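Chain and residue survey
Here are the chains, one letter per residue:
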Amino acid sequence: MTALPAEPQQGQPPGHLDRLFRRGFAETFVLDIGARALSGASIVVLIRGLNVSTYAYATLFLIFAQFLATAAGGGVRLRYLRREAERISRRSGTVAASFTAALVSSSVLIAAIAFAFYPFVALFVHVPSAGTALGLVLYSIGFGIGWSAVELAVAHYQAHRRFRLAGALGVLRAATILCVSILIVATRAQHLPALALWFVGGMIGAGALAAGWVLRRREEQGGDSRRDWLSLTSEEGWLTLYFLAAAGFAYVDVIVASMFLSEKAIATLGATLRYLSIALAAIPAVGAVLRVRVSQLDVLDSGANQRALVLGWLRATALPGLLVL
């Protein structure tokens, strides 16, 4: 693994970290735009290659899987990022946050939350394309675990301030979905379980590649611990509840549509939301960089400095973000 950027020492010009993170934001934003453009291409491929019923199922399946990855893995992932970023900034010599434990905990949470939602899906959600509620839940668990593994690897490299590599993993995931979409259309995999298995296999492969690389490098350096795999701290528990509520708010519209509207309406809404996520690309980039920036030594122990830093970044990025949107 390449050397991490050094903390500002005496003799370094003022604003060293600010320049580092501005460059990190630019790299994150550009690569995020690229990833979302690939996602847009995937939408076009699926819309043109699938019938309405099958595309409606793909929409519901992908939305539910991403809801699981965000709701179940978000709290553990954020806790890992903050601990690792603080350790790197302080250079304190403390034990590294366990990537393995975070990966296992988030995967178990994904499965647990999915099965907790199964009665609701079975009773109220109309699963298109002759699919079943159990199949939707099982396929979503597989896809969600792969998606969450990539997200955790992205968080790891962001914590180490390697924003370019973190962004490249997002591009890899989007490229995987695009390649899978092309293969689905090319092989005419219009029916279950072929369509879902293509997506699940592709995402688990991307997750294994991203997480495996992180684990291999950490094992070589003795920086990962496998203790307390299934432990969940109080902070992670509350963060998980927060992400569960936030993800529910973000994805509830497609779930509601699947309860009351036609398959065509589900497909139309799903495509619209995908295009909207492309337009809002600047917002996740700002959030990703700020989470690491406020964990740095120069602002870590001062709430006032953190507040000033966040407000300054929001003022600086609001107008450019609006123009890009």
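Below, the structure is looked at part by part. (Residues numbered from 1 in each chain as written. Predicted model: local features only at pLDDT ≥ 70, side-chain atom pairs only at ≥ 80, totals over all residues. Heavy atoms only, no water.)

This part takes up the side chain of T240. Residue position: T240 is located in helix α7 (residues 234–260). Setting aside its immediate chain neighbours within four residues, T240 contacts A71, A72, G75, V76 and L109. (Helix = DSSP H or I, 4+ residues; strand = E, 2+ residues; numbered from the N terminus. Contact = heavy atoms within 4.5 Å.)

Counted under the stated rule, the structure contains twelve aromatic pairs. Consider the rings of F21 and F163, whose centres lie 5.7 Å apart with planes at 70°: the pair is edge-to-face. Of this pair, F21 sits in helix α1 (residues 16–49) while F163 is found in helix α5 (residues 163–186), placing the two residues 142 residues apart along the sequence. For the pair F21 and F163, one class covers both residues: buried. Aromatic side chains F61 and F199 sit 6.2 Å apart centroid to centroid with 55° between the ring planes, which places their arrangement in the tilted category. With F61 in helix α2 (residues 52–90) and F199 in helix α6 (residues 194–220), this pair connects stretches of sequence that are 138 residues apart. (Phe/Tyr/Trp six-rings, centres within 6.5 Å; stacked < 30°, edge-to-face > 60°. Buried < 20%, exposed > 50% of the residue type's maximum accessible area, 1.4 Å probe, protein only.)

Applying the stated criterion across every chain, the model contains four salt bridges. The residue R87 makes a salt bridge to E84 at a minimum N-O spacing of 2.8 Å. Note that R87 and E84 are positioned in helix α2 at a spacing of three residues, about one turn of the helix. The shortest N-O distance in the salt bridge between R173 and E151 comes to 2.7 Å. Of the two residues, R173 is situated in helix α5 and E151 in helix α4 (residues 133–159); the sequence distance between them amounts to 22 residues. Taking the relative accessible area as the measure of exposure, R173 reaches 11% and is therefore buried. (Salt bridge = Lys/Arg side-chain N within 4 Å of Asp/Glu carboxyl O.)

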